[in-house]
Amino acid sequence: DRIVFKLFGKEPNQFPIFVRKQILDWLAHSPTEIESYIRPGCVVLTIYLRLSDSIWEELCSDLSSSLARLFNISNDAFWATGWLYTRVQHRIAFSFDGQVVADAPIPDGCNIFSRIVSVKPIAVAISEQAQFQIRGTNLYRPTTRVLCALEGQYLHQEFSQETVQEVDDPQDIEEIESFTFSCRVPSALGRGFIEKNV
């Protein structure tokens, strides 16, 4: 799973050199992956972690205190200045200048967020037109965008078919939606990302 931070009014060059160490000290676990990208007005920092369910539960059950620990262990003002949005599983928090001003669960059954369930294929060859199939929930909301990025650049996408899969289990209120798109993969080696932006 992951922890997502949106750091408003920050620039990538303001990130502490030891941000990974600060996260490690905060959670006492090493992130498996950290990625960041720039959005208008903020930097989005996503931390991917493999934690036991009990650790996730501890983190989510008192997100305010967890964030206060992060603010306190930092030797600089990076985490404790400006607005910070944090999402951990189904919980969100906002803080301003190192003080948590809102900490709330996302209500059960609340379908305001889209979610990618799968992407196929998971790897493509260089310099060829690639076709991807995306499956997920709430992908067709007017405010949802799905983006394909490689080496820090967004690739031009051509969207094609859209489908909605019927749900077999009546208890599952989320419908699985899918669509395909194609894009030309440039001559570059590296990891690409399919991301949703709401």
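As the structure is a computational prediction, the values presented were derived from the model and not from experiment.

K.L.:
I tried to follow the overall build of the protein chain on my own but got confused; where do I start?
P.N.:
Across its full length, the protein chain carries 3 helices and 13 strands. For the protein chain, the share of sequence-separated contacts (at least 6 apart) that also reach a separation of at least 24 residues comes to 64%. As presented, the protein chain carries roughly 11700 Å² of accessible surface, and 51% of it is formed by carbon and sulfur atoms.

K.L.:
It is not clear to me how the packing of aromatic side chains should be interpreted in this structure. Could you clarify?
P.N.:
Any aromatic ring pair is given by two values, namely how distant the centres are and how the planes are angled relative to each other. Following the criterion strictly, the structure yields 6 aromatic pairs and no others. Considering the side-chain rings of Phe 179 and Phe 181, the 6.4 Å spacing of their centres and the 35° angle between planes classify their relative orientation as tilted. Aromatic rings pair up to connect Phe 5, Phe 78 and Trp 79 into one cluster. Over the face of the ring belonging to Tyr 85 we find Lys 6, whose NZ or CZ atom lies 5.5 Å from the ring centre.

K.L.:
Please explain the nonpolar core as it appears in this structure.
P.N.:
Nonpolar side chains in soluble globular proteins tend to be buried together. Counting residues in each nonpolar core, the largest one holds 25 residues, and the members touching the most others are Ile 3, Phe 5, Leu 7, Trp 26 and Trp 79. For Trp 79, the residues in contact, after removing those within four places along its chain, are Phe 5, Leu 7, Val 19, Gln 22, Ile 23, Leu 45, Leu 70, Phe 71, Ser 74 and Leu 84. Grouped together as the second largest cluster of nonpolar side chains are 12 residues, Ile 134, Val 146, Leu 155 and Cys 183 included.

K.L.:
Looking at this structure, how should I read helix 3 (residues 63–73)?
P.N.:
Three- or four-residue spacings in an α-helix give side chains the same orientation, since the helix completes a turn every 3.6 residues. Within the span of helix 3, buried status applies to Leu 63, Ser 66, Leu 67, Leu 70 and Phe 71. Viewed end-on, helix 3 has its buried residues packed into an arc of 140°, placing them on one side of the element.

K.L.:
I would appreciate a short explanation of unusual backbone geometry in the present structure.
P.N.:
What you tend to see is this: most non-glycine residues have negative phi, and most peptide bonds are trans. Following Lys 120, the chain continues into Pro 121 via a peptide bond in cis, with omega recorded as -5°. Take Pro 121: it is sitting in the loop between strand 7 (115–120) and strand 8 (129–137). Residue Gln 89 is not a glycine yet carries a positive backbone phi of 50°. Residue position: Gln 89 is located in the loop between strand 4 (83–88) and strand 5 (91–96). The partly exposed category is assigned to Gln 89, whose relative accessible area is 27%. Unlike most non-glycine residues, Asp 97 shows phi in positive territory, near 50°. With respect to the helices and strands, the residue Asp 97 is situated in the loop between strand 5 and strand 6 (99–105). By relative accessible area, Asp 97 is classed as partly exposed at 41%.

K.L.:
How should the pairing of strand 8 be read in this particular structure?
P.N.:
The pairing of strand 7 with strand 8 spans 5 bridges and is antiparallel. For Arg 115, the partnering residue across the bridge sits in strand 8 and is Thr 137. Pairing between strand 8 and strand 12 (residues 176–184): 8 bridges, direction antiparallel. Its bridge partner lying in strand 12, Phe 132 is registered against Phe 181.

K.L.:
What exactly am I supposed to notice about the packing of helix 1 (residues 19–27) against helix 3 here?
P.N.:
How two helices pack is summed up by the angle between their axes together with the distance between the axes. Where helix 1 contacts helix 3, the two axes come as close as 9 Å, and the packing angle between them is 135°. When the interaxial angle is binned, helix 1 and helix 3 end up oblique. The two elements helix 1 and helix 3 meet at a crossing, and its hand is right-handed. Within the contact between the two elements, helix 1 uses Gln 22, Asp 25 and Trp 26 and helix 3 uses Ser 66, Leu 67, Arg 69, Leu 70 and Ile 73. Class assignment for the residues of the contact of helix 1 with helix 3 results in 4 nonpolar, 2 polar and 2 charged.

What counts and what doesn't
Residues numbered from 1 in each chain as written. Predicted model: local features only at pLDDT ≥ 70, side-chain atom pairs only at ≥ 80, totals over all residues. Heavy atoms only, no water. Helix = DSSP H or I, 4+ residues; strand = E, 2+ residues; numbered from the N terminus. Contact = heavy atoms within 4.5 Å. Areas by Shrake-Rupley, 256 points an atom, 1.4 Å probe, with all protein chains shown as cover. Phe/Tyr/Trp six-rings, centres within 6.5 Å; stacked < 30°, edge-to-face > 60°. Lys NZ or Arg CZ within 6 Å of the ring centre and 35° of its normal. Core = buried A, V, L, I, M, F, W, Y, C linked by side-chain atoms within 4.5 Å. Buried < 20%, exposed > 50% of the residue type's maximum accessible area, 1.4 Å probe, protein only. Arc of directions from axis to C-beta. Pairing = 2+ DSSP bridges. Axes fitted to C-alpha atoms, helices over the stretch in contact; angles between N-to-C directions. Parallel < 35°, antiparallel > 145°, perpendicular 65-115°, else oblique. Left-handed = near helix turned anticlockwise from the far one by under 90°. Nonpolar A, V, L, I, M, F, W, Y, C, P; charged D, E, K, R; others polar.

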